[in-house]
Amino acid sequence: MNYPRTRPRRLRTTPAMRRMVAQHRLDASDLILPAFVREGISEPVAISSMPGVSQHTLDSLRKAAAEAVEAGVGSIMLFGVPEDAKKDAVGTPGTDPDGILQRGLRAVREEVGDDLVVMSDVCLDEVTDHGHCGVLDARGRVDNDATLPRYAEMAVVQADAGAHVLGPSGMMDGQIGVIRDALEAAGHHDVGVLAYSVKYASAFYGPFREAVNSSLKGDRRTYQQDPPNAREALRELELDLAEGADMVMVKPGMPYLDVLRSVADASPVPVAAYQISGEYAMVEAAAERGWLDRERAIEETLMSFRRAGADMVLTYWATEFAQRLRVAAGG
Ligand code: PBG
């Protein structure tokens, strides 16, 4: 007789069997919802390249945060969008205690207390008139060392406004160290840092530019990582750990799952993956055309991060997906 004694298909026969042997699971508490709060609007503004995602008013941001808590989402990551007229070369709205991001942080903390881990973006691109993540030198290049004190100041202002965790996303060398020092000096010993340790110069950030009304012309290739390079991810990881990162991130997600795996294997601290705006937009656009099954595609992309070793996932679908998990679990 010619038959296989070993049949992997036996473990795929029923939903209960597949559930039992599933090696990885998604948990709402590991999801982080990125959210945008915009100054000077009275109604939420839809982001056309990210169907279902809006720039929030302070009020609608509160509601979104409360909804996330209700769904069991673990965390929210805030980005502030100031009025264009307030942007300048050094990103003043980023260090103004009444800047929109700081007001958003205070509103969310007031709404949810400690029920969500409240995070915020430490970067200048949303608040500068040139749209770069750092300040520029006389020749128009992004000046690493002149940017660091701006980040230090932003970090303290955001911590003062109630952030539990800061997410420095600018890819300046030494940023984690100066932020850690500034937080300690200001007495914010318990405010953590989720370092965007590994962040590639990616085309998939496209829709985010609309989300934050970005003023950027050009690209970020002199500070974000070059897509061909995998090895330097480990170097960035090592540096951020030495500078005091509490958690680390790999970004974007799907185009860099190999990098995520190598970082997850090497990291002694929790690792997050950021499923970015372009990844979101691709699935939404294809689903809208009926080209793929939206719900299955969402779940499969989220599972890919888990399988590649992510402990946490930033995703614009966080609340929706958490609600879905809740329904699947029977309420
Ligand atoms: C920079 C920042 C960016 C994103 C998060 N933080 C944009 C960039 O680096 O160009 C992108 C997130 C997304 O695309 O969803 N502050």
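Our subject is the structure listed above.
First things first, this report covers the structure right here in the doc. Everything numeric in this text was worked out from a predicted model, so none of it was measured. (Residues numbered from 1 in each chain as written. Predicted model: local features only at pLDDT ≥ 70, side-chain atom pairs only at ≥ 80, totals over all residues. Heavy atoms only, no water.)

Summing up its helical and strand segments, the protein chain has 11 helices and 10 strands in all. In terms of overall dimensions, the protein chain is globule-like: its C-alpha atoms have a radius of gyration of 20 Å, near the 20 Å expected for 331 residues. Across its three principal directions, the C-alpha atoms of the protein chain cover 80 × 45 × 40 Å. Within the protein chain, one finds 36 positive and 49 negative side-chain charges whose respective centroids are separated by 10 Å. (Helix = DSSP H or I, 4+ residues; strand = E, 2+ residues; numbered from the N terminus. Rg over C-alpha atoms; globule rule 2.2 N^0.38 Å. Lys, Arg positive; Asp, Glu negative; His and termini not counted. Charge placed at Lys NZ, Arg CZ, Asp CG, Glu CD.)

To continue, consider the pairing of strand β4 (residues 75-81). Across the 7 residues of β4, 7 count as buried, placing the element largely inside the fold. On β4, burial covers both faces: Ser75, Met77, Phe79 and Val81 on one face and Ile76, Leu78 and Gly80 on the other are all buried. With 7 bridges connecting them, strand β1 (residues 31-38) and β4 associate as parallel partners. Looking at the pairing, Ile32 lines up with Ser75 of β4. Note that the unit made of β4, helix α3 (residues 100-112) and strand β5 (residues 117-122) has a crossover that is right-handed. (Buried < 20%, exposed > 50% of the residue type's maximum accessible area, 1.4 Å probe, protein only. Pairing = 2+ DSSP bridges. Right-handed = clockwise from strand over helix to strand, strands pointing away.)

Unoccupied space between atoms shows up once a probe the size of one water molecule is rolled over them. For the largest pocket, the calculated volume is near 750 Å³. Around the largest pocket, the lining comprises 15 residues; the ones closest to its centre are Arg19, Ala22, His24, Glu299 and Met303. Taken together, the elements giving at least two residues each to the lining of the largest pocket come down to α1 (15-21), α10 (294-307) and α11 (318-328). For the lining of the largest pocket, the per-class residue count stands at 8 nonpolar, 1 polar and 6 charged. (1 Å grid on protein atoms, 1.4 Å probe; cavity = no way out; pocket = protein on both sides within 12 Å on 5 of 7 lines; lining within 4 Å. Points joined across faces, edges and corners; volume = space filled by probe spheres on them. Nonpolar A, V, L, I, M, F, W, Y, C, P; charged D, E, K, R; others polar.)

Before going further, it helps to spend a moment on the site of the ligand. In the vicinity of the ligand lie 17 residues, with Asp125, Lys199, Lys251, Ser277 and Tyr316 positioned nearest. At 2.7 Å from an oxygen atom of the ligand is found a side-chain nitrogen or oxygen belonging to Lys199. When the ligand sits alone it has 400 Å² of accessible area, and the protein chains cover 100% of it. Put simply, the ligand lies in the largest cavity. (Near = heavy atom within 4 Å. Polar contact = N/O pair within 3.5 Å; in protein donor to acceptor, adjacent residues only side chain to side chain. Areas by Shrake-Rupley, 256 points an atom, 1.4 Å probe, with all protein chains shown as cover. Sits in = over half its atoms within 2 Å of the grid points.)

Time to look at unusual backbone geometry. Here the residue pair Lys251 and Pro252 is connected by a cis peptide bond, since its omega of -10° sits within 30 degrees of zero. Mapped onto the fold, Pro252 is located in the loop between β8 (247-251) and α8 (257-266). The phi torsion at Met171 lies on the positive side, around 60°, for a residue other than glycine. Inspection of the secondary structure puts Met171 in the loop between β6 (165-168) and α5 (175-185). Of the residues examined, Met171 reaches a relative accessible area of 7% and is grouped as buried. One non-glycine residue, Asn213, lies in positive phi territory at about 50°. Here Asn213 is to be found in the loop between α6 (206-211) and α7 (232-242).

Right, let's get into the pattern of salt bridges. Under the defined criterion, the tally for this structure stands at 18 salt bridges. Across the pair Asp30 and Arg306 runs a salt bridge whose closest N-O atoms are separated by 2.5 Å. Within this pair, whereas Asp30 is found in the loop between α1 and β1, its partner Arg306 is found in helix α10, the two being separated by 276 residues in sequence. Exposure remark for Arg306: the relative accessible area of 14% places this residue in the buried category. Notably, a salt bridge pairs Arg180 with Glu184, separated by 2.9 Å at the nearest N-O pair. Here Glu184 and Arg180 lie together in helix α5, a separation of 4 residues that amounts to about one turn. According to the relative accessible area criterion, Glu184 is partly exposed, its value standing at 34%. When salt bridges that share partners are traced, they join Glu39, Glu83 and Lys86 into one network. (Salt bridge = Lys/Arg side-chain N within 4 Å of Asp/Glu carboxyl O.)

Here the focus is the packing of α10 against α11. As a packed pair, α10 and α11 sit with axes 12 Å apart at the nearest point and diverge in direction by 100°. Between α10 and α11, the angle is such that the two are roughly perpendicular. In contact with Arg294, Glu295, Ile298, Glu299 and Leu302 of α10, α11 contributes Glu320, Phe321 and Arg324. Looking at the contact of α10 with α11 residue by residue, the class counts come to 3 nonpolar, no polar and 5 charged. (Axes fitted to C-alpha atoms, helices over the stretch in contact; angles between N-to-C directions. Parallel < 35°, antiparallel > 145°, perpendicular 65-115°, else oblique. Contact = heavy atoms within 4.5 Å.)

Once that is clear, we can look at the environment of Asp121. Tracing the backbone shows Asp121 in strand β5. Overall, Asp121 belongs to the buried group, its relative accessible area being 2%. As for Asp121 and Ala163, which are separated by 42 residues in sequence, their C-alpha atoms are 9.8 Å apart. When near neighbours in sequence (up to four residues on either side) are disregarded, Asp121 contacts Met77, Leu78, Phe79, Leu101, Glu126, Gln158, Gly167, Ser169 and Tyr196. Engagement of the side chain of Asp121 in a polar contact is seen with the side chain of Ser169, the distance being 2.7 Å.

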